[in-house]
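Structural characterization, general
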Amino acid sequence: MQKRDFSLHGAVDLGARAAAAKRQQERAERPAGPGGQYVIEATDANFGSDVVERSMRVPVMVAFVVDKEPSCDALMGDLEKLVGEGGGSWLLARVDIEINQQLQGYLQQMRVQRLPFVGVVVQGQMMPFINSVPPEAELRQAVGELFAALKEQGLMGEVPEGAEEPVEAAPPMDPAHAAAEDALARGDFEIAAEAFREVLAANPRDDVAKRRLALTELTIRVKGYDPERLESDPLAAADVQLLQNDPEGAFDRVLAVVRSTFGDDRDAARVHLLSLFECLPADDQRVAKARRALQAALF
């Protein structure tokens with residue numbers, strides 16, 4: 001397989017949008033290929049309902065691609081084969097970023113510079129997965145390790161392994177959540193944060209909104225960091241590490257500050273770590289482990 005990234009700058013050429021839209025319509029009309037019943041053609045309009053909402057039940061892998069780009073097409077072919085083998089234990093969403101440019105907000109959040117890019121949405125939260133085109137054997141191993149880790153953390157959802165659950169119309173998303181997710185997909189992080197706050201004002205027990213707000217606020221914070229701060233401030237470096245899907249590394253970095261400081265500096269690190277915990281489900285084993293380490297460091 002040819003391993004070649006595709007420039008994100010070239011992927012959003014406005015002159016190509018009409019042709020890309022026509023190709024998207026043609027894809028929707030052609031017969032499903034390998035794993036087709038588990039593949040979603042995700043768009044600006046349906047991403048919230050067909051991807052984010054479904055991710056509350058099973059993980060949804062999202063491939064951001066450009067149609068007819070060889071590296072993107074090769075990666076999609078391998079992913080479609082793997083999702084078919086998964087038998088409904090996870091779903092695959094394809095995003096043609098050439099015509100669904102509102103979804104660039106997710107690429108900004110993940111700091112993606114080149115395509116193809118693949119993330120995975122679990123319980124409403126997008127996490128980075130791969131930003132390259134690995135050989136099929138390497139991709140298969142990476143996918144297996146990813147879902148084994150999610151299964152260990154209890155995040156593989158309600159569909160048992162091997163179950164036959166084809167893609168069906170997802171139930172409508174709560175309008176308040178939909179507004180927040182739409183803003184997030186557009187990259188309007190401040191508007192998304194305010195929308196999630198409105199959701200929580202109406203329902204303080206909405207755990208998904210709590211996590212989404214914490215992650216959105218973290219993204220806003222990181223966008224304001226400069227490289228020099230990342231080199232000198234371990235708390236800022238931990239923020240970036242968590243956004244790069246390394247929560248354990250982020251937690252360990254902040255714990256090191258807790259163990260090596262006193263007084264106000266230690267308390268600031270403690271509070272910062274608690275804010276990072278909010279970005280993950282409360283029952284995530286990595287959070288539980290870090291909470292125990294924090295208690296040991298403090299007492």
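What comes next concerns the included structure. (Residues numbered from 1 in each chain as written. Predicted model: local features only at pLDDT ≥ 70, side-chain atom pairs only at ≥ 80, totals over all residues. Heavy atoms only, no water.)

We now examine empty space enclosed by the protein. Summed over the entire model, instances satisfying the criterion amount to 1 cavity of 30 Å³ or more. Roughly 200 Å³ of internal volume is contained in the largest cavity. Around the largest cavity, the lining is made up of 18 residues, and of these Gln125, Met127, Asn245, Leu280 and Arg286 lie nearest the centre. The set of elements that each furnish at least two residues to the lining of the largest cavity consists of strand 7 (125-130), helix 9 (207-223) and helix 11 (234-243). Grouping the constituent residues of the lining of the largest cavity by class yields 12 nonpolar, 3 polar and 3 charged. (1 Å grid on protein atoms, 1.4 Å probe; cavity = no way out; pocket = protein on both sides within 12 Å on 5 of 7 lines; lining within 4 Å. Points joined across faces, edges and corners; volume = space filled by probe spheres on them. Helix = DSSP H or I, 4+ residues; strand = E, 2+ residues; numbered from the N terminus. Nonpolar A, V, L, I, M, F, W, Y, C, P; charged D, E, K, R; others polar.)

This brings us to unusual backbone geometry. That bond from Leu115 to Pro116 is cis: its omega, 5 degrees, falls within 30 degrees of zero. With respect to the helices and strands, the residue Pro116 is situated in the loop between strand 5 (114-115) and strand 6 (117-122). If you check the backbone angles, Lys68 has positive phi at about 70 degrees while not being a glycine. By secondary structure assignment, the location of Lys68 is in the loop between strand 3 (60-65) and helix 4 (70-86). A residue is classified by how much of its surface remains accessible, and Lys68, at 58% relative accessible area, is exposed. A positive phi angle, near 50 degrees, is found at Gln123, a position not held by glycine. Mapped onto the fold, Gln123 is located in the loop between strand 6 and strand 7. (Buried < 20%, exposed > 50% of the residue type's maximum accessible area, 1.4 Å probe, protein only.)

On to the sheet that holds strand 6. Read across the open sheet, the 5 strands follow the order 2-4-3-6-7; overall the sheet is mixed. Of all the strands in the sheet, just strand 2 (39-42) and strand 7 have a single pairing partner and so form its edges. If you compare each strand with its neighbour and ignore which way they point, the axes differ by 30 degrees on average. The pairing of strand 6 with strand 7 spans 5 bridges and is antiparallel. Along strand 7, the bridge assignment pairs Val122 with Gln125. (Pairing = 2+ DSSP bridges. Axes fitted to C-alpha atoms, helices over the stretch in contact; angles between N-to-C directions.)

As enumerated under the stated definition, the model contains 4 aromatic pairs in all. Each ring, one from Phe47 and one from Tyr106, has its centre 5.0 Å from the other, and the planes form 40 degrees; the classification is tilted. With Phe47 in helix 3 (residues 47-52) and Tyr106 in helix 5 (residues 104-109), the pair connects residues that are 59 residues apart, well separated along the chain. Overall, the relative accessible area of 2% leaves Tyr106 in the buried class. With a centroid separation of 6.0 Å and an interplanar angle of 35 degrees, the aromatic rings of Phe64 and Phe117 are classed as tilted. (Phe/Tyr/Trp six-rings, centres within 6.5 Å; stacked < 30°, edge-to-face > 60°.)

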